[in-house]
Amino acid sequence: MQDAYTPRPEHRFTFGLWTVGNPGRDPFGDPVRATLTAPAIVELLAGIGAHGVNLHDEDLLPRDADAATRERITVDFEKALADHGLRVPMATTNLFSDPVFKDGAFTSNDPGVRAHALQRTMRAIELGVRLGAETYVFWGGREGVESHVSKDPLDAIRWFRDALNFLTHWCKDQGYDLKFALEAKPNEPRGDLFLPTTGAMLGFIETLDHKEMVGVNPEVAHERMAGLDFTHAVAQAWDAGKLFHIDLNDQAGPRYDQDLRFGSSDIKGAFHLVRFLEECGYDGPLHFDAHAYRTEDAAGVRDFAIGCMRTYRILADKAARMRADAEIQGILAEIRRDDPAVMPLLGAYTAERAAALRAHAFDTEALAARGMRYERLDQLVTELLLGIR
Ligand code: DIG
Ligand code: MN
Ligand code: MN
């Protein structure tokens, strides 16, 4: 079906190899789908209008592959990318599957593991750079604890900072023009993960040697797992100039990480996110870090990927309709109207402004009595989303 919402490469939609390649394994069940090769995934994504494909090192290269095998697989992947016109905007390292990282990678208590994690990441960065990645994601899936006595959180933060400082300095020495994007998650697969939210990551970035190279990769499901509003997390990242990448999916509130099809659980939350991204000017990849239900076959996986992209396109159209809706815009203008009597009191500090503010007589009863018309506004937006405006 081709319509106004059909995804096209210019829409910047990307998927990880691990998303449409997810075989449906979960902690309580075996795989339900055949494993797809990387070239087959490239062909699938190109066929549905995606812009690019992302990867962990181990999504492409088996951990124990010898150099010749690694090279052959990489060349085959590069050929598939060229044949189908797909890019690799983002790469990352799998520092969470290998048993060696069972107690963390950069924050393992074992210095040998911490050093090996650096080596593993350096090799994976070289692969990402070869494939043309512009953004390198760090998701610390094992950087956490179950037993809080086992690890000093100050050690963990310091070790994580040491690793990122080392890697940013190394990338600069290699002449790699990469941006690092830190991805937060509150828990799972560890009982508690360090730096659990996008906000925590933003504060941490400010402590790094090359903080200008480092931003965030917020994920819908991960902020929602912490009971937080995702668009507000994204807005703070954007305000800080640190929204370097984004992981789109959906999540039905605080529970295990569901990585659902975009918009499939909280359509209103997805709408406000799309409206924000479209209106703030974010022009980076729109990456779906999600996977199909375990109930699905290969056709269902394709339905999942198309659904992610179509829902984004439809919600972007709804956001445009909201901007053009005179009644909604009229209420917004009324809500945000300036008050000439108090505008001079607001703004950057000056001694004159402080004196005027101290002396001003406020009619707090009148201010308190004002009706804000949010019910009407929110109902209009709801009706727009339900398709009757
Ligand atoms: C999980 O949400 C993480 C891993 O899939 C990967 O490291 C990162 C990249 O989007 N997201
Ligand atoms: Mn997730
Ligand atoms: Mn993610």
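Residues numbered from 1 in each chain as written. Chains lettered and ligands numbered in written order. Predicted model: local features only at pLDDT ≥ 70, side-chain atom pairs only at ≥ 80, totals over all residues. Heavy atoms only, no water.

Asker: In this structure, what is going on with the site of ligand 1? I would like to understand it.
Answerer: Neighbouring residues of ligand 1: 13 residues in total, closest His56, Glu183, Glu219, Asp247 and Asp289. Here an oxygen atom of ligand 1 sits 3.4 Å away from a polar atom, N or O, in the side chain of tryptophan 18. At 2.8 Å from a nitrogen atom of ligand 1 is found a side-chain nitrogen or oxygen belonging to glutamate 183. Considered on its own, ligand 1 offers 300 Å² of accessible surface; in the complex 95% of this is hidden by protein. When residues of the shell around ligand 1 are traced back to their parent elements, those giving at least two are strand S3 (90–92) and strand S4 (135–139). Here the residues of the shell around ligand 1 are counted per class, giving four nonpolar, five polar and four charged. (Near = heavy atom within 4 Å. Polar contact = N/O pair within 3.5 Å; in protein donor to acceptor, adjacent residues only side chain to side chain. Areas by Shrake-Rupley, 256 points an atom, 1.4 Å probe, with all protein chains shown as cover. Helix = DSSP H or I, 4+ residues; strand = E, 2+ residues; numbered from the N terminus. Nonpolar A, V, L, I, M, F, W, Y, C, P; charged D, E, K, R; others polar.)

Asker: Explain the packing of aromatic side chains here, please?
Answerer: Given two aromatic rings, one states the distance between the centres and the angle between the planes to describe the pair. Within this structure, the stated rule accounts for 14 aromatic pairs. The interplanar angle of 70 degrees and the centroid separation of 6.4 Å between the aromatic rings of phenylalanine 15 and phenylalanine 304 together place this pair among those described as edge-to-face. Taken together, the residues phenylalanine 15 in strand S1 (residues 13–16) and phenylalanine 304 in helix H11 (residues 298–324) connect sequence positions 289 residues apart. Taken as a pair, phenylalanine 15 and phenylalanine 304 share a single burial class, namely buried. A centroid spacing of 6.2 Å and a plane angle of 40 degrees characterise the contact between phenylalanine 106 and phenylalanine 138, whose relative ring orientation is tilted. One end of the pair, phenylalanine 106, is in the loop between S3 and helix H5 (111–130); the other, phenylalanine 138, is in strand S4, and 32 residues separate them in sequence. In this structure phenylalanine 106 comes out as buried when scored by relative accessible area, which is 3%. Here the aromatic residues Phe13, Phe15, Phe262, Phe288, Phe304 and Tyr312 are joined through ring pairs into a cluster of three or more. The ring of phenylalanine 244 has lysine 179 sitting right over it, with the charged end atom 4.8 Å from the ring centre. (Phe/Tyr/Trp six-rings, centres within 6.5 Å; stacked < 30°, edge-to-face > 60°. Buried < 20%, exposed > 50% of the residue type's maximum accessible area, 1.4 Å probe, protein only. Lys NZ or Arg CZ within 6 Å of the ring centre and 35° of its normal.)

Asker: Would you explain helix H4 (residues 67–84) in this entry?
Answerer: Counting along an α-helix, one turn takes 3.6 residues, and residues three or four places apart therefore face a common direction. Helix length check: H4, at 18 residues, gives a terminal C-alpha distance of 26 Å against a target of 26 Å (1.5 Å per residue), a fit within 8%. All of the buried residues in H4 are Ile73, Thr74, Phe77, Ala80 and Leu81. For H4, the buried positions fall inside an angular range of 120 degrees around the axis, keeping them on one side. Among the exposed residues of H4, those pointing more than 90 degrees away from its buried face are Ala67, Ala68, Lys79 and Ala82. On the buried face of H4, the contacting elements are helix H1 (17–20), helix H2 (38–47), strand S2 (52–56), helix H3 (57–60) and H5. The distance from a side-chain oxygen at the start of H4 to the backbone nitrogen of alanine 68 is 3.2 Å, and the residue carrying that oxygen is aspartate 66. (Expected span 1.5 Å × (residues − 1). Arc of directions from axis to C-beta. Contact = heavy atoms within 4.5 Å.)

Asker: What am I meant to see in the coordination of the manganese ion (ligand 3) here?
Answerer: For a metal bound by four donors in tetrahedral geometry, the ideal donor-metal-donor angle is 109.5 degrees, whereas six donors in octahedral geometry ideally sit at 90 or 180 degrees. For the manganese ion (ligand 3), every protein donor is listed as Glu183 (OE), Glu219 (OE), Asp247 (OD) and Asp289 (OD), and the spread of their distances is 2.0 to 2.2 Å. For the manganese ion (ligand 3), the six donor atoms in the first shell make angles of 75 to 173 degrees at the metal, a pattern classed as octahedral. Each donor residue of the manganese ion (ligand 3) lies on the same chain, and together they follow the pattern E-x35-E-x27-D-x41-D. Separating the manganese ion (ligand 3) from the manganese ion (ligand 2) is a distance of 4.5 Å, and glutamate 219 supplies a donor atom to each of them. Of this pair, glutamate 183 sits in strand S6 (residues 179–183) while glutamate 219 sits in the loop between strand S8 (214–216) and helix H8 (220–225), placing them 36 residues apart in sequence. (Donors = N, O, S within 2.8 Å, 3.2 Å for Na, K, Ca; no water. Tetrahedral: all angles 85-135°; square planar, octahedral: opposite > 155°, others 65-115°.)

Asker: What am I meant to see in the domain arrangement of the protein chain here?
Answerer: Interfaces are often described in size by the accessible area the parts lose on coming together. Entries for the protein chain in the domain assignment read domain 1 (9–323) and domain 2 (326–385). Each partner contributes to the interface: domain 1 provides seven residues, whereas domain 2 provides eight residues. In this assembly, domain 1 packs against domain 2 so that about 690 Å² is buried in total across both faces, 69% of it on carbon and sulfur atoms. The largest share of the area that domain 1 buries against domain 2 comes from Lys268, Lys318 and Met322, three residues that together contribute 69% of it. Taken together, the links from domain 1 to domain 2 amount to one salt bridge. With a closest N to O distance of 2.6 Å, lysine 268 and aspartate 378 form a salt bridge. Taken together, domain 1 and domain 2 are joined by three residue pairs in polar contact (both at pLDDT 80 or more). Looking at the side of domain 1 that touches domain 2, the element that brings in the most residues is H11, giving five residues. Split by residue class, the side of domain 1 that touches domain 2 holds three nonpolar, no polar and four charged. (Domains from an automatic or database assignment. Buried area = accessible area lost by both parts, 1.4 Å probe. Salt bridge = Lys/Arg side-chain N within 4 Å of Asp/Glu carboxyl O.)

Asker: What should I look at first to understand H11 in this one?
Answerer: Taking 1.5 Å per residue as the helical rise, H11 with its 27 residues ought to reach 39 Å, and the 40 Å between its terminal C-alpha atoms agrees with that figure. Near the N-terminus of H11, the side chain that reaches the backbone nitrogen of alanine 299, with its oxygen 3.0 Å away, is that of aspartate 297.

Asker: Hey, could you run me through the nonpolar core in this one?
Answerer: Where a protein is soluble and globular, its nonpolar side chains tend to be buried together. Of all hydrophobic cores here, the largest spans 94 residues; its most connected members are Phe77 and Phe180. When residues in this core are grouped by element, the largest group, eleven residues, is from H11. Shared between two domains, this core takes at least three residues from each, and those domains are domain 1 (9–323) and domain 2 (326–385). Sequence-distant contacts of phenylalanine 77, that is, excluding residues within four places in its chain, are made with Leu17, Ala38, Val42, Val53, Leu55, Leu60, Val88 and Leu131. (Core = buried A, V, L, I, M, F, W, Y, C linked by side-chain atoms within 4.5 Å.)

Asker: Would you mind going over the sheet that holds strand S9 (residues 247–248) with me for this structure?
Answerer: Read from one edge to the other, the open sheet built from eight strands follows the order S8-S6-S4-S3-S2-S1-S10-S9, with strand pairing classed as parallel. With partners counted over all chains shown, the strands left at the sheet margins are S8 and S9, one partner each. Sheet analysis places S2 next to S3, joined by two bridges and oriented parallel. Residue leucine 55 lies in a different strand from S3, and its bridge partner there is alanine 91. (Pairing = 2+ DSSP bridges.)

Asker: Mind showing me how you'd approach unusual backbone geometry here?
Answerer: One can expect most non-glycine residues to show negative phi and most peptide bonds to be in trans. Looking along the chain, the bond that leaves glutamate 188 and enters proline 189 is cis, with omega of 5 degrees. As for its placement among the helices and strands, proline 189 is situated in the loop between S6 and strand S7 (192–193). Its identity as a non-glycine residue notwithstanding, glutamate 188 has a phi of 70 degrees, on the positive side. On the secondary structure map, glutamate 188 appears in the loop between S6 and S7. Using a relative accessible area of 26% as the deciding quantity, one classes glutamate 188 as partly exposed. With phi around 50 degrees, leucine 195 is a residue other than glycine that occupies positive phi space.

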